Amino acid sequence: RRGDKISEAPLESVESYMNLVVNQTTSKNAFVLTDDFRVINELRITYPDWSFFTFAQTGECGYDHKEHLRQSKEARRIAMIKLLASVETLRRSDFFVGTYHSNPGKFLGMLRPEGTHSGVDNSIWFA
C-alpha cells in the first residue's frame, strides 16, 4: 500500500507481510497486489529464494489519484482491469495477507473463508 494512500494509514514494511506469509505456507511463490513496482524489487532483494508475481509494471511508483484522473479513459480502464484481476488472483490463492485498511484487503477479508487470510494492520477483518 503505497502512493497517495500513505496519508490514510502507515506504511507497512515488506517484512510485516512476509512474517505472516512464511508462517502460513511452505510455498516460495507469492502474488503481490501493488501499484508500486519498487515493492517487487525490495521483495526480490530481501527474499531471493522466493518468486514474486504481480501485474505491476516496471516504473510504476504508486497510485496518485490526481495523476489517475489525468490519464486517458483507456489507461484508466486498463488500471481497473489490473486491479480486478489482482483481486481475483488473490481470491483464488491458498492464503491472503494484506492490510484491512485498503479496499481490496477489506473485500478479500470479507470474501475469503475464516483462517485463509491475515492482516498486517489488524488480526481480524473488520468492515
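Here the structure is shown first, and the text comes after it.
Source: prediction; values computed, not measured. (Residues numbered from 1 in each chain as written. Predicted model: local features only at pLDDT ≥ 70, side-chain atom pairs only at ≥ 80, totals over all residues. Heavy atoms only, no water.)

1. What to know about a nonpolar patch on the surface
And then number 1: A cluster of nonpolar side chains, namely Met80, Leu83 and Leu84, defines an oily patch on the protein surface of about 270 Å² accessible area.
And then number 2: Assignment of secondary structure puts Met80 in helix α4 (residues 73-91). (Patch = residues over 30% accessible without salt bridge, like charges linked within 9 Å, V, L, I, M, F, W, Y side chains within 5 Å. Areas by Shrake-Rupley, 256 points an atom, 1.4 Å probe, with all protein chains shown as cover. Salt bridge = Lys/Arg side-chain N within 4 Å of Asp/Glu carboxyl O. Helix = DSSP H or I, 4+ residues; strand = E, 2+ residues; numbered from the N terminus.)

2. Overview of helix α1 (residues 14-22)
And then number 1: Regarding α1, the residues found buried are Val14, Tyr17, Met18 and Val21. Summarising the axial view, the buried residues of α1 lie within an arc of 95 degrees, below the 170-degree limit, and thus occupy one face.
And then number 2: At its buried positions, α1 is contacted by α2 (37-46), β2 (51-53) and β3 (96-98). (Buried < 20%, exposed > 50% of the residue type's maximum accessible area, 1.4 Å probe, protein only. Arc of directions from axis to C-beta. Contact = heavy atoms within 4.5 Å.)

3. Some words on the pattern of salt bridges
And then number 1: Tallied over the full model, the rule gives six salt bridges.
And then number 2: Asp36 serves as the salt-bridge partner of Arg38, at 2.8 Å between the closest nitrogen and oxygen.
And then number 3: On the basis of relative accessibility, which here comes to 46%, the residue Arg38 falls in the partly exposed class.
And then number 4: The exposure class of Asp36 is buried, given its relative accessible area of 0%.
And then number 5: Its salt-bridge partner being Glu88, residue Arg92 comes within 2.6 Å of it at the nearest N-O pair.
And then number 6: A relative accessible area of 28% means that Glu88 is categorised as partly exposed.
And then number 7: Within the structure, one salt-bridge network assembled from shared partners comprises Glu88, Arg91 and Arg92.

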